[in-house]
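Residue-level structure breakdown
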Amino acid sequence: MIKTTHLSTLLIPLSSLAILPSITLAADYTVYGKAEVQIANTDTGIMRYAKEGTQIEAPFSRIGIKGQHKLNEYLSAVFKYEVQVKGFEEDDTEEPFTARNTYLGLKGAFGEIVIGRNDTRFKYSEGKLDNFNETQGDMAQVIAGQDRLGDTLTYTSQYWSNAQFSFTYAPKDDNKNNKAGFAATLIYGDRNLNNTPYYVSLSRVDSLNNITASRIVGVYKFEKLQLGALYQHSESVDETKSGNGYVLSASYTIDKWVPKLQFAKDDSAIRQESKAIQWSTGFDYVFDKQTTAYLLYTDLDLQENADNSVALGLKYKF
């Protein structure tokens, strides 16, 4: 990540004009992004995020700007504008950008409250559980509720003794099922596993994007070994579908190599059209904190269909 910070004060005397004593401009922002390229071969093309055959893709590549502006000693304005960049691909030249997290809000001792497009706090609750995040092996292939929604209000508290509360609210007129919806999450520990070797979350979503569900997530890192687990009970808002989902993940760091494994299962038929089972395996080669090469294989089994994909990729974060 490249951070660009401007904390400058522009003083214009104007004593001769006697109009304004000074003008103060202050901004603190970061330009960031992810560039990724992937060569993948997918069998039938029924899984999400992958087309049938051999493809060159730029999965979830993005660029954004985020920052804050101090309003007074108690309050700051915060913002994020982020887009997915698809112009790398030949068939996306006419619409090279799609919206990702984009919001504006306020931050203070009370926490942070923002309005706009954002990951629901139900999605946020996954932490570092997903070893194949933003690939064909993403747990969102089978687990419902991994949503990023516009026209929402998001509140995130400060930490209290390693605990944090966050909340998403969507008004009735802006929600898909014409009903006000929310997601609430309570976490304990560090989502990034930097300050604590553990992370636990309890989360509930009600009537957001046509789903009502409850979830518990746990991730633990012991030296070079990382283990994660998720249990989720999901129901469609119209109550025609319901079921349970599970995710188990494991990874182990050996110098620059990170072999990893993941299993996901869901029988609610909300994310896919039927009961779904997915397992994924692969490894990362970490050149440095910004650059990673990877190889993965994922297999998706449905009641009447199946698919698999193998991919070789390189991603660079700035």
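Residues numbered from 1 in each chain as written. Predicted model: local features only at pLDDT ≥ 70, side-chain atom pairs only at ≥ 80, totals over all residues. Heavy atoms only, no water.

This part is about the overall build of the chain. When helices and strands are tallied, the chain shows one helix and 18 strands. Here the chain holds 318 residues, and the buried ones make up 43% of them. (Helix = DSSP H or I, 4+ residues; strand = E, 2+ residues; numbered from the N terminus. Buried < 20%, exposed > 50% of the residue type's maximum accessible area, 1.4 Å probe, protein only.)

Right, let's get into the pairing of strand β7 (residues 111-119). Relative to β7, strand β6 (residues 97-108) runs antiparallel, the two sharing seven bridges. Bridge assignment links G108 to a residue of β7, and that residue is G111. Following β6, the chain reverses through two residues before pairing antiparallel with β7. (Pairing = 2+ DSSP bridges.)

Looking now at the pattern of salt bridges. With the rule as written, the count across this model stands at nine salt bridges. Across the salt bridge formed by K34 and E36, the nearest N and O atoms sit 2.9 Å from each other. The burial state of K34 is the same as that of E36; both residues are buried. Among the ionic pairs, R100 bridges to E82, the shortest N-O distance being 2.5 Å. Placement of R100 in strand β6 and of E82 in strand β5 (residues 75-85) is noted, with a sequence separation of 18 residues between them. With a relative accessible area of 5%, E82 lands in the buried category. A single salt-bridge network, built from bridges that share partners, covers K34, E36, R62, E82, R100 and E134. (Salt bridge = Lys/Arg side-chain N within 4 Å of Asp/Glu carboxyl O.)

Counting across every chain of the model gives ten aromatic pairs. Between the aromatic rings of Y49 and F60, the centroid separation amounts to 5.6 Å while the plane-to-plane angle is 65 degrees, which identifies the pairing as edge-to-face. In this pair, Y49 sits in the loop between β2 (27-42) and β3 (53-57) while F60 sits in the loop between β3 and β4 (62-70), placing the two residues eleven residues apart along the sequence. A centroid spacing of 5.9 Å and a plane angle of 10 degrees characterise the contact between F167 and F182, whose relative ring orientation is stacked. Taken together, the residues span a long stretch of sequence, with F167 in strand β9 (residues 163-170) and F182 in strand β10 (residues 181-189) at a distance of 15 residues. (Phe/Tyr/Trp six-rings, centres within 6.5 Å; stacked < 30°, edge-to-face > 60°.)

The next thing to look at is empty space enclosed by the protein. Left-over empty space is what a probe sized like a water molecule reveals as it rolls over the atoms. The full count for this structure, using the stated rule, is one cavity of 30 Å³ or more. As a volume, the largest cavity reaches approximately 30 Å³. If you trace the largest cavity, you find it lined by Q38, A40, T42, Y49, A50, K51, Q55, E57 and Q136. Going through the elements one at a time, β2 and β3 are the ones with two or more residues in the lining of the largest cavity. Examining the composition of the lining of the largest cavity, we find that three residues originate from one element, β2, more than from any other. Broken down by class, the residue content of the lining of the largest cavity amounts to three nonpolar, four polar and two charged. (1 Å grid on protein atoms, 1.4 Å probe; cavity = no way out; pocket = protein on both sides within 12 Å on 5 of 7 lines; lining within 4 Å. Points joined across faces, edges and corners; volume = space filled by probe spheres on them. Nonpolar A, V, L, I, M, F, W, Y, C, P; charged D, E, K, R; others polar.)

Moving on, we get to the confidence of the model for the chain. Within the chain, residue pLDDT values average 90, and 90% of them lie at 70 or more. The low-confidence segment residues 2-25, where pLDDT is below 50, has 32 contacts with residues more than four positions distant or belonging to other chains. (pLDDT = per-residue confidence, 0-100. Contact = heavy atoms within 4.5 Å.)

As for its placement among the helices and strands, G105 is situated in strand β6. Classification of G105 as buried rests on a relative accessible area of 11%. Considering only alpha carbons, one finds G105 and S76, 29 residues apart in sequence, at a separation of 8.5 Å. Among residues more than four places away in sequence, those in contact with G105 are S76, A77, V78, I113 and V114.

Right, let's get into a nonpolar patch on the surface. On the surface, W160, F165, L186, Y188, V200, L202, I216, Y231 and Y246 cluster together into a nonpolar patch covering about 850 Å² of accessible area. When contributions to the nonpolar patch are tallied by element, the ones reaching two or more residues are β10 and β11 (198-208). Within the secondary structure, I216 sits in strand β12 (residues 211-222). (Patch = residues over 30% accessible without salt bridge, like charges linked within 9 Å, V, L, I, M, F, W, Y side chains within 5 Å. Areas by Shrake-Rupley, 256 points an atom, 1.4 Å probe, with all protein chains shown as cover.)

So, on to the layout of surface pockets. Empty space within the second largest pocket amounts to approximately 790 Å³. The wall of the second largest pocket is formed by 32 residues, among which Y49, F60, Q84, R100 and R148 lie closest to the centre. Residue assignment for the lining of the second largest pocket shows that the elements contributing at least two residues are β6 and β8 (148-156). The greatest single-element share of the lining of the second largest pocket, amounting to three residues, is contributed by β6. Residues of the lining of the second largest pocket, tallied by class, amount to eight nonpolar, eight polar and 16 charged.

Attention now moves to the environment of R100. A residue is classified by how much of its surface remains accessible, and R100, at 5% relative accessible area, is buried. Sequence spacing of R100 and R117 is 17 residues, and the spatial spacing of their C-alpha atoms is 7.0 Å. At a separation of 2.5 Å, a polar atom in the side chain of R100 contacts the side chain of E82. One polar contact links R100 to E134, side chain to side chain, over a distance of 3.4 Å. (Polar contact = N/O pair within 3.5 Å; in protein donor to acceptor, adjacent residues only side chain to side chain.)

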